[in-house]
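# Structural description and commentary
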Amino acid sequence: CVGRMAENKIIKQGYLVKKGAKRKNWKTRWFILRGRKLEYYADPMDSKPKGVVDLDDTCNVETANAQAKPNAFQINTKERIFYISAGNATLRDQWISAIKEIVNV
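Residues numbered from 1 in each chain as written. Predicted model: local features only at pLDDT ≥ 70, side-chain atom pairs only at ≥ 80, totals over all residues. Heavy atoms only, no water.

### Description of helix 2 (residues 89-103)
Helix length check: helix 2 (15 residues) gives 21 Å between terminal C-alpha atoms against 21 Å at 1.5 Å per residue, within 8%. For helix 2, the complete set of buried residues consists of Arg 92, Trp 95, Ile 96, Ala 98, Ile 99, Ile 102 and Val 103. In a view along the axis of helix 2, the buried residues occupy a sector of 165 degrees, so they form one face of it. Residues of helix 2 that are exposed and angled more than 90 degrees away from the buried face: Thr 90 and Glu 101. Summarising the contacts, the buried residues of helix 2 are in contact with strand 1 (10-19), strand 2 (26-34), strand 3 (37-41), strand 5 (60-63) and strand 6 (72-76). Of the residues that open helix 2, the one with a side-chain oxygen 3.0 Å from the backbone nitrogen of Thr 90 is Asn 88. (Helix = DSSP H or I, 4+ residues; strand = E, 2+ residues; numbered from the N terminus. Expected span 1.5 Å × (residues − 1). Buried < 20%, exposed > 50% of the residue type's maximum accessible area, 1.4 Å probe, protein only. Arc of directions from axis to C-beta. Contact = heavy atoms within 4.5 Å. Polar contact = N/O pair within 3.5 Å; in protein donor to acceptor, adjacent residues only side chain to side chain.)

Written out as structure tokens, the structure reads:
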């Protein structure tokens with residue numbers, strides 16, 4: 001039960017801008033980091049995420065130029081590279097740190 005509670009605990013949440021996989025356009029999404037997953041939603045009130053990034057120990061996260069988007073970082077997974085941009089450099093660094101803590105457990 002303790003493990004399940006830790007999985008559901010929100011570590012960090014907020015608006016970020018994500019680059020789409022197919023259309024390559026940037027969309028604002030509500031992100032929730034909990035357990036070893038980074039979920040993203042079209043709206044914070046949505047009950048189901050538009051997508052989930054599984055943060056296993058093969059992932060890495062780093063700053064990225066992401067085609068000239070400011071304050072961007074990338075999450076490299078086995079499936080794909082996620083490009084995400086934060087509102088400022090401080091937020092970007094906070095997200096990177098939070099994700100690194102999960103990946104490096």
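Picking up where we left off.
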